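Architecture at a glance
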Amino acid sequence: MSSVPEKDWKRLSGLKENLLNSACETIFRRIEQISSASKGREHEAYLELWKEIKNEDDAIAEMFNDLKRSNAVFKMAALKHYGVLTDEQLAQFSQETQEQVARLCEYRR
C-alpha cells in the first residue's frame, strides 16, 4: 500500500483534531461511568480506571501517534476499528482510500 492521495491527506489532517477530541470524549465517558460506580469498591474502581486509561492510551497512540501521509490508511483503519471515524466521514475520502481502509478493517475482526 502506498500513501493516500494528497486530497485525502489534507482531508484527514483537517479532521484530526475533531477525531482526537471525539476519541477523548468517549474515554472521558467511560471513566465517568467507572468513577460514578466506585462507592464501596474504591480500590477495584481505581484498578479498573488504570486499566482503562492504559488500554485507551494504547488505542490513542495507534490512531494518532506519528500520523503521516505514508501511514494514513493504517491510521484511518485504526480510527474506523475503534469507532472514531464514522461511515459519513470515511465517505468523504476517495474510493481508493475507502477500499484500502475496508480491506485493513477486515483483518482486524
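So, a few notes on the structure that sits alongside this text. (Residues numbered from 1 in each chain as written. Predicted model: local features only at pLDDT ≥ 70, side-chain atom pairs only at ≥ 80, totals over all residues. Heavy atoms only, no water.)

**Focus: the pattern of salt bridges**
Quick note on the threshold: We define a salt bridge as a side-chain nitrogen of Lys or Arg found within 4 Å of a carboxyl oxygen belonging to Asp or Glu. Numbered from the N terminus, helices here are DSSP runs of H or I no shorter than four residues, and strands are runs of E no shorter than two. For every residue, the accessible area obtained with a 1.4 Å probe (protein chains only) is divided by the maximum for its type, and the residue is called buried under 20%, exposed over 50%, and partly exposed between those limits.
Following the criterion strictly, the structure yields nine salt bridges and no others. A salt bridge links E25 to R29; the nearest nitrogen and oxygen atoms lie 3.8 Å apart. One end of the pair, E25, and the other, R29, are both in helix α1 (residues 6-36), four residues apart, so they sit about a helical turn from each other. Residue E25 is classed as partly exposed on the basis of its relative accessible area of 40%. One salt bridge connects R30 with E52, and the closest N-O pair in it is separated by 3.7 Å.

**Points about the packing of α1 against helix α3 (residues 72-81)**
What counts here: Every angle, taken between N-to-C directions, lies between 0 and 180 degrees, and every axis is a line fitted to C-alpha atoms, over only the stretch in contact when it is a helix. For classification purposes, angles smaller than 35 degrees are called roughly parallel, those larger than 145 roughly antiparallel, those between 65 and 115 roughly perpendicular, and all remaining angles oblique. When the near helix sits turned anticlockwise from the far one by under a right angle, the crossing is termed left-handed; a clockwise turn instead gives a right-handed crossing. Residue contacts follow a heavy-atom distance rule, with two residues in contact if any of their heavy atoms lie within 4.5 Å. As a working rule, the residues Ala, Val, Leu, Ile, Met, Phe, Trp, Tyr, Cys and Pro are called nonpolar, Asp, Glu, Lys and Arg charged, and the rest polar, with Gly in that last group.
Where α1 meets α3, the closest approach of the two axes is 12 Å, and the angle between their N-to-C directions is 40 degrees. One finds that α1 runs oblique with respect to α3. α3 is crossed by α1, and the crossing has left-handed handedness. Contact residues: W9, L12 and L19 in α1; A72, M76 and L79 in α3. The residue makeup of the contact of α1 with α3, split by class, is six nonpolar, no polar and no charged.

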